[in-house]
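The primary structure of each chain is shown beneath.
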Amino acid sequence: MPNLNCTGVTATITATLVVNCANGITFTDTTGIYTAGNTTGYGTPNSPNISAITSTVFYLYDSTGVTLLGTYHAAYLPSADGTGGTPLTAANFGLSAFTPNLTYVLVYGIVVGATTYTCIQNSFTVPCCGASIPSNLTTRFSIQENIGNGAIVFTDTTGTYNAQTNPGGYGTPNPAYSDITSTLLRITLENGTVIDITNFIPTAIAPSVTLTAAMLGYTNNIPDQIIQFTYFVYTTVGQCQVGYANNYILISGNSTACIMGQIQGLLNGDCSCSDDNCSNTDYITKMLFELDAIKIAATGNIGCVTGKIQAYYAKCSGGCTTC
């Protein structure tokens, strides 16, 4: 680790290092000046006096504290009240960028005359802020509809790691379920509305979340449509993305409920419409085949059925008023 040179400084130098996604990296010398309420601050009877500090310097080391990555001679000076920090960027140290999820060692020094005193050393880990880091997770999910579409169930089907049967699952050598700190489930409805679900963290026992119609902005049920589901899995406090999956899903629960109702009415003999195309078995059978065709086509190229499920439901629900 770096050798600190603090001999000759009798003030107790203190500092804070704040690292987050909102503000980046901010360093603050919190020592302040000597007062009755701050007896360890800069100034008589302690040394040095704050006015004697002509500049400051920062040294950036790798996580081992052995390799010096860069030196930053800063215009920043400590304040009398111990507030007012300075931002630190990768460019300050001659780097193109800090590496997400990597730990660095920062050493802070004050310059008094010709002497640099280094009394503060901090380690910090660079947050990912949503950026991805290498991971062998093979993130997967499935969607289960409730017929009638009062709700749909989203399930993280990644599963538990197994070297032979599921090498992309959760667990050593991959991130484990317990490593997941947050997820983002982004749902994009066919009309362009985007809903973000952020309170779901899967476990081996509870890998699912129920998405109600109300959560998606609907009063009664979820209309049939094509919905895009984009799923991000994050680990560590720095919000590093270790999992990602994206898919377009055909939602057809209303149409399924409609045609099931038509079939039940036909079997019960209580569907008697004047229009032969509504009342006969051949018409309803064709309707059932049409729905199956839409579902099958969606598994191959979902883009080719855009708008078709809505048209189907309109035809099914409006075809026979007594069913």
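Rules and cut-offs
Residues numbered from 1 in each chain as written. Predicted model: local features only at pLDDT ≥ 70, side-chain atom pairs only at ≥ 80, totals over all residues. Heavy atoms only, no water. Helix = DSSP H or I, 4+ residues; strand = E, 2+ residues; numbered from the N terminus. Salt bridge = Lys/Arg side-chain N within 4 Å of Asp/Glu carboxyl O. Buried < 20%, exposed > 50% of the residue type's maximum accessible area, 1.4 Å probe, protein only. Pairing = 2+ DSSP bridges. Disulfide = S-S within 2.5 Å. Polar contact = N/O pair within 3.5 Å; in protein donor to acceptor, adjacent residues only side chain to side chain. Contact = heavy atoms within 4.5 Å. Axes fitted to C-alpha atoms, helices over the stretch in contact; angles between N-to-C directions. Core = buried A, V, L, I, M, F, W, Y, C linked by side-chain atoms within 4.5 Å.

Asker: Got a minute to help me understand unusual backbone geometry in this structure?
Answerer: The general pattern is negative phi for most residues beyond glycine and trans for most peptide bonds. Across the junction of Ser47 and Pro48, the peptide omega takes the value 0°, indicating a cis bond. One can find Pro48 in the loop between strand S2 (24-29) and strand S3 (53-61). Cis rather than trans, the peptide bond between Thr172 and Pro173 has omega equal to 10°. By the secondary structure assignment, Pro173 is in the loop between strand S9 (151-156) and strand S10 (180-188). Backbone geometry places Asn101, a non-glycine residue, at a positive phi of 70°.

Asker: Which parts of the structure should I look at to understand the pattern of salt bridges?
Answerer: With the rule as written, the count across this model stands at two salt bridges. For Arg186, the salt bridge is made with Asp196, and the minimal N-O distance between the two is 2.8 Å. With Arg186 in strand S10 and Asp196 in strand S11 (residues 194-197), this residue pair connects regions lying 10 residues apart in the sequence. Between Lys315 and Glu290 there is a salt bridge; the shortest N-O distance is 2.8 Å. Taken together, the residues Lys315 in helix H4 (residues 308-318) and Glu290 in helix H3 (residues 281-300) connect sequence positions 25 residues apart. Among the residues examined, Lys315 registers a relative accessible area of 37% and is labelled partly exposed.

Asker: Looking at this model, I keep getting lost on the pairing of S9. Mind explaining?
Answerer: Two faces, one strand: in a regular strand the side chains alternate between the faces of the sheet. For S9, a buried count of six out of six residues is recorded, marking the element as mostly surrounded by other parts of the structure. Because side chains alternate across S9, one face comprises the buried residues Ala151, Val153 and Thr155, and the other comprises Ile152, Phe154 and Asp156, equally buried. Looking at chain direction, strand S8 (residues 141-145) and S9 are connected through five bridges and run antiparallel. The residue of S9 that forms the bridge with Glu145 is Ile152. Summarising the sheet, S9 and strand S12 (residues 208-212) pair through five bridges and their orientation is antiparallel. Each bridged residue has a counterpart across the sheet, and for Ile152 the counterpart in S12 is Leu211.

Asker: What's the story with the state of the cysteines in this structure? I'm lost.
Answerer: Note on terminology: a disulfide is the covalent bond linking the sulfur atoms of two cysteines. In this structure the tally under the stated criterion is four disulfides. The disulfide that involves Cys258 links it to Cys316, with 2.1 Å between the sulfurs. Across the S-S bond linking Cys258 and Cys316, the dihedral sits near -110°, which makes this disulfide left-handed. Taken as a pair, Cys258 in helix H1 (residues 253-268) and Cys316 in helix H4 lie far apart in primary sequence, 58 residues in all. Cys316 matches Cys258 in its accessibility class, with the two residues each being buried.

Asker: Whenever I open this one, the side chain of Thr183 confuses me. Can you help?
Answerer: With respect to the helices and strands, Thr183 occurs in strand S10. Relative accessible area serves as the criterion here: at 3%, Thr183 is assigned to the buried category. At 2.4 Å, the side chain of Thr183 forms a polar contact with the backbone oxygen of Phe200. Apart from the residues lying within four places of it in its own chain, the contact partners of Thr183 are Ile197, Thr198, Phe200, Pro202, Tyr231, Phe232, Val233 and Tyr234.

Asker: Just checking my understanding: could you explain the pairing of strand S6 (residues 103-112) for this structure?
Answerer: With nine of its 10 residues buried, S6 lies for the most part within the structure. Both S3 and S6 contribute to a ladder of eight bridges, which runs antiparallel. Residue pairing for S6: Thr56 is matched across the bridge by Ile110. Two strands pair when backbone bridges link them, and S6 and strand S7 (residues 115-125) are joined in this way by 10 bridges, in the antiparallel orientation. Each bridged residue has a counterpart across the sheet, and for Val105 the counterpart in S7 is Ser123.

Asker: What should I look at first to understand the sheet that holds strand S4 (residues 68-74) in this one?
Answerer: The strands making up a sheet are joined through hydrogen bonds of the backbone, oriented either antiparallel or parallel. Sheet architecture is open: four strands sit in the order S4-S3-S6-S7, paired in antiparallel fashion. The open sheet has two edge strands, S4 and S7, and neither has a second partner. Here the strands of the sheet are splayed against their neighbours by 20° on average, with no regard to which way each runs.

Asker: I tried to follow the side chain of Asn166 on my own but got confused; where do I start?
Answerer: Note that Asn166 resides in the loop between S9 and S10. Looking at Asn166, the relative accessible area reads 12%, which means it is buried. Look past the residues within four positions of Asn166 in its chain and what remains in contact with it is Arg140, Thr158, Gly159, Thr160 and Tyr161.

Asker: What am I meant to see in the nonpolar core here?
Answerer: Grouped burial of nonpolar side chains is what soluble globular proteins tend to show. Within the largest apolar cluster, 31 residues are counted, with the highest numbers of intra-cluster contacts made by Phe154, Ile187, Leu211 and Phe229. At the level of secondary structure, the elements contributing two or more residues to this core comprise S8, S9, S10, S11, S12, strand S13 (225-235) and strand S14 (240-251). Tallying contributions element by element places S14 first for this core, with five residues. The next biggest cluster of nonpolar side chains, apart from the first, holds 27 residues, and it includes Val9, Tyr42, Ala74 and Phe124.

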